[in-house]
Amino acid sequence: MDPVGLVVLEPRRFSDERGYFEETWNRRHFDDAGIGVDFVQDNASMSIQSGTLRGLHFQAPPHAQDKLVRCTRGAIFDVAVDIRRGSPTYGRWSGIELTPENGRQFFIPKGFLHGFVTLLPRSEVQYKCSDYYAPACDGSVRWDSLDIDWPLEGAPVLSAKDADAPAFAGFQSPFVFGDNA
Ligand SMILES: Cc1cn([C@H]2C[C@H](O)[C@@H](COP(=O)(O)OP(=O)(O)O[C@H]3O[C@H](C)C(=O)[C@H](O)[C@H]3O)O2)c(=O)[nH]c1=O
């Protein structure tokens, strides 16, 4: 059972002999789907090597972030883990391959860990956030301390921060299921 709250979107793509056009973000589509969210910050990251793993991260309340993630170059395997205490899917993960070709976007609400591993060199990820960067609220969990099937061939490329992240065992989540803090 996939964690409740995660949404995969595939914006409509208008193709013609020049290529394609798509609306990558339209607030009406979220409103129509009953997802009330205001994004305030766009992020982008590029990872030189395939097998680069960024995560698993979250921002704690009062600056928790909903995220809308897409891959604009290369390919990534994007992962979200439910860390809302009391959730029927607490600790469960869901992963999806995002590429410029499939055009898929992954909506990850507050209360989830987020991370991804790149599947091709020089992969670029762009994602919208519903709150500003708040380093004092930044949190992380070790990428390999959950039963996530990362599509990796060997050890990932990690930042020092991610290499030293605490394990999920004993993690005290600041999120409560049903509390949209
Ligand atoms: C997230 C962020 C970072 N920074 C600065 C802080 C560092 O000096 C530098 C690199 O940050 P970091 O190593 O945390 O970047 P990632 O490892 O890609 O982390 C991100 O990747 C995972 C997958 C996420 O979902 C989060 O958005 C975020 O944690 O950018 C900023 O200035 N603003 C920001 O919003």
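In the annotation of an unreviewed UniProt entry, the entry for the protein chain reads dTDP-4-dehydrorhamnose 3,5-epimerase, and the organism field reads Aquibium carbonis. Taken verbatim from the UniProt record of the protein chain, the Function (unreviewed entry) comment is "Catalyzes the epimerization of the C3' and C5'positions of dTDP-6-deoxy-D-xylo-4-hexulose, forming dTDP-6-deoxy-L-lyxo-4-hexulose."

I'd like a description of the sheet that holds strand 1 (residues 7-9), backed by residues and values.
Across a sheet, paired strands are connected by hydrogen bonds in the backbone, their directions being either parallel or antiparallel. Judged by pairing direction, the sheet is antiparallel, and its five strands sit side by side in the order 1-10-6-12-4 without closing on themselves. Sheet topology places strand 1 and strand 4 (41-47) at the edges, where each strand pairs with a single neighbour. The sheet shows a mean angle of 25° between the axes of neighbouring strands, direction not considered. With four bridges joining them, strand 6 (residues 67-73) and strand 10 (residues 105-108) adopt antiparallel strand pairing. Bridge pairing in strand 10 places Arg70 opposite Gln105.

Describe the layout of surface pockets, with residues and values.
When its volume is computed, the largest pocket comes out at roughly 460 Å³. Along the walls of the largest pocket sit 24 residues, with Asn43, His57, Tyr127, Asp138 and Lys161 positioned nearest its centre. Of all the elements, strand 5 (residues 53-59) adds the most residues to the lining of the largest pocket, at six residues. Considered class by class, the residues forming the lining of the largest pocket number eight nonpolar, eleven polar and five charged.

Which residues make up empty space enclosed by the protein, and what values do they have?
Per the stated rule, a full pass over the model turns up one cavity of 30 Å³ or more. Of the pockets and cavities examined, the largest cavity occupies roughly 60 Å³. Taken together, Phe58, Gln59, Ala64, Gln65, Lys67, Ile108, Pro109, Lys110, Gly111, Phe112 and Phe175 form the lining of the largest cavity. Considering only residue class, the lining of the largest cavity consists of six nonpolar, three polar and two charged.

Which residues make up the pattern of salt bridges, and what values do they have?
Following the criterion strictly, the structure yields ten salt bridges and no others. With its nearest N and O atoms 3.0 Å apart, the salt bridge here joins Asp42 to Lys128. Here the residue Asp42 occupies a position in strand 4, and Lys128 occupies one in strand 12 (residues 123-129), the gap between them amounting to 86 residues. When its relative accessible area of 54% is taken as the criterion, Asp42 is described as exposed. Given the relative accessible area of 18%, Lys128 is considered buried. Residue Arg142 is joined to Asp144 by a salt bridge in which the shortest nitrogen-to-oxygen separation is 2.6 Å.

Definitions and cut-offs
Residues numbered from 1 in each chain as written. Predicted model: local features only at pLDDT ≥ 70, side-chain atom pairs only at ≥ 80, totals over all residues. Heavy atoms only, no water. UniProt positions renumbered as here; feature names shortened; annotations may be inferred. Pairing = 2+ DSSP bridges. Helix = DSSP H or I, 4+ residues; strand = E, 2+ residues; numbered from the N terminus. Axes fitted to C-alpha atoms, helices over the stretch in contact; angles between N-to-C directions. 1 Å grid on protein atoms, 1.4 Å probe; cavity = no way out; pocket = protein on both sides within 12 Å on 5 of 7 lines; lining within 4 Å. Points joined across faces, edges and corners; volume = space filled by probe spheres on them. Nonpolar A, V, L, I, M, F, W, Y, C, P; charged D, E, K, R; others polar. Salt bridge = Lys/Arg side-chain N within 4 Å of Asp/Glu carboxyl O. Buried < 20%, exposed > 50% of the residue type's maximum accessible area, 1.4 Å probe, protein only.

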